[in-house]
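Results of the structural survey
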Amino acid sequence: MNINVYTESTPNPATMKFIVNKLLINGSVDYPTKQSAENSPFAKELYKFSFVNGVFFASNFVTVTKTEGSDWNDIEPILKEFVKGAVESELKAQIEEKAAVAFEGTDAEIKIQQILEDYVRPAVEQDGGAITYKSFNEGVVTVELRGSCSGCPSSTVTLKAGIENLLKRMVPEVTEVVSEAL
């Protein structure tokens, strides 16, 4: 198979999405630090570049966060070539796949998790990120934003104007949505 790689900018200027024409992983996984990349040969290799400051995989793309002071014009071609070679040599994004998680909790919690999975996750992944449900307590939904969403200037707008409004409309018990800092 001939591997093609193209890039897309994300709302976060520090991240770039490298999209390939092959499935890299079922689901998503975030490696926000070099130390966290132990079970990912692909991420470990990316972290060997001094300008890589974060790695996130989902379906057919890898989102790379660059270090401050690095210029995408300089590093994008290097990363694009690396990603192509890594995919061609079948470097694994994750050695141990996580099992599919069943939704748990009260009826409201299950409904919240299902909405996040069906409506929010696909939209967030389009921008090179991921969202994870953390908890629901006294009307407040806590989520974790990863990948390009982590530290993105527009993530607060996404969280409040998008996710919070959607959940308030669909689950009357929801009063607020907050993001847990990494």
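Let me begin by describing the structure that accompanies this report. Remember, it's a predicted structure, so these values are computed and weren't measured experimentally. (Residues numbered from 1 in each chain as written. Predicted model: local features only at pLDDT ≥ 70, side-chain atom pairs only at ≥ 80, totals over all residues. Heavy atoms only, no water.)

Grouped together as the largest cluster of nonpolar side chains are 28 residues, with contacts concentrated most on Phe-18, Phe-42, Leu-46, Val-55, Phe-57, Leu-79 and Val-83. Elements that contribute at least two residues to this core include exactly strand 2 (15-20), strand 3 (28-31), helix 1 (41-46), strand 4 (52-58), strand 5 (61-66) and helix 2 (72-88). When near neighbours in sequence (up to four residues on either side) are disregarded, Val-55 contacts Val-29, Asp-30, Tyr-31, Pro-32, Ala-43, Leu-46, Tyr-47, Val-62 and Thr-63. Core analysis: the second largest hydrophobic core is formed by 20 residues, Ile-131, Phe-136, Val-141 and Leu-166 among them. (Core = buried A, V, L, I, M, F, W, Y, C linked by side-chain atoms within 4.5 Å. Buried < 20%, exposed > 50% of the residue type's maximum accessible area, 1.4 Å probe, protein only. Helix = DSSP H or I, 4+ residues; strand = E, 2+ residues; numbered from the N terminus. Contact = heavy atoms within 4.5 Å.)

Glancing now at the pairing of strand 8 (residues 176-179). When strand 7 (residues 140-147) meets strand 8, the two strands line up parallel, connected through 4 bridges. Among the inter-strand pairings, Val-141 is bridged to a residue of strand 8, identified as Val-177. Crossover strand 7 to strand 8 through helix 4 (residues 155-170) is right-handed. (Pairing = 2+ DSSP bridges. Right-handed = clockwise from strand over helix to strand, strands pointing away.)

According to the stated counting rule, one finds 7 salt bridges in the structure shown. Between Arg-146 and Glu-144 there is a salt bridge, and its shortest N-O distance comes to 3.6 Å. Across the pair Glu-164 and Lys-168 runs a salt bridge, and its minimum N-O distance is 3.4 Å. With Glu-164 and Lys-168 both in helix 4 and 4 residues apart, the pair spans about one turn of that helix. Note on Lys-168: relative accessible area 35%, which makes it partly exposed. (Salt bridge = Lys/Arg side-chain N within 4 Å of Asp/Glu carboxyl O.)

Turning to helix 2, a few remarks are in order. The end-to-end C-alpha separation of helix 2 is 23 Å, in line with the 24 Å expected for 17 residues at 1.5 Å each. The set of residues buried in helix 2 consists of Trp-72, Ile-75, Leu-79, Phe-82, Val-83, Ala-86 and Val-87. End-on view of helix 2: buried residues confined to an arc of 125°, all on one side of the axis. Turned more than 90 degrees away from the buried face of helix 2, the exposed residues are Asn-73, Asp-74 and Glu-81. (Expected span 1.5 Å × (residues − 1). Arc of directions from axis to C-beta.)

Now for the sheet that holds strand 6 (residues 129-137). With mixed pairing, the 3 strands of this open sheet are ordered in space as 6-7-8. The open sheet has two free edges, formed respectively by strand 6 and strand 8, since each of these has just one partner strand. Put simply, the sheet's adjacent strands are angled 30° from each other on average, direction ignored. (Axes fitted to C-alpha atoms, helices over the stretch in contact; angles between N-to-C directions.)

It is worth spelling out the packing of aromatic side chains at this point. Considering all chains together, one arrives at 6 aromatic pairs under this definition. On the basis of an interplanar angle of 75° and a centroid distance of 6.2 Å, the ring pair of Tyr-31 and Phe-57 is categorised as edge-to-face. Taken together, the residues Tyr-31 in strand 3 and Phe-57 in strand 4 connect sequence positions 26 residues apart. When sorted by exposure, Tyr-31 lands in the same class as Phe-57, which is buried. Here Phe-49 and Phe-82 contribute two aromatic rings whose centre-to-centre distance is 5.5 Å and whose plane-to-plane angle is 85°, an arrangement assigned as edge-to-face. (Phe/Tyr/Trp six-rings, centres within 6.5 Å; stacked < 30°, edge-to-face > 60°.)

Geometric descriptors of this kind do not, in isolation, establish any biological role.
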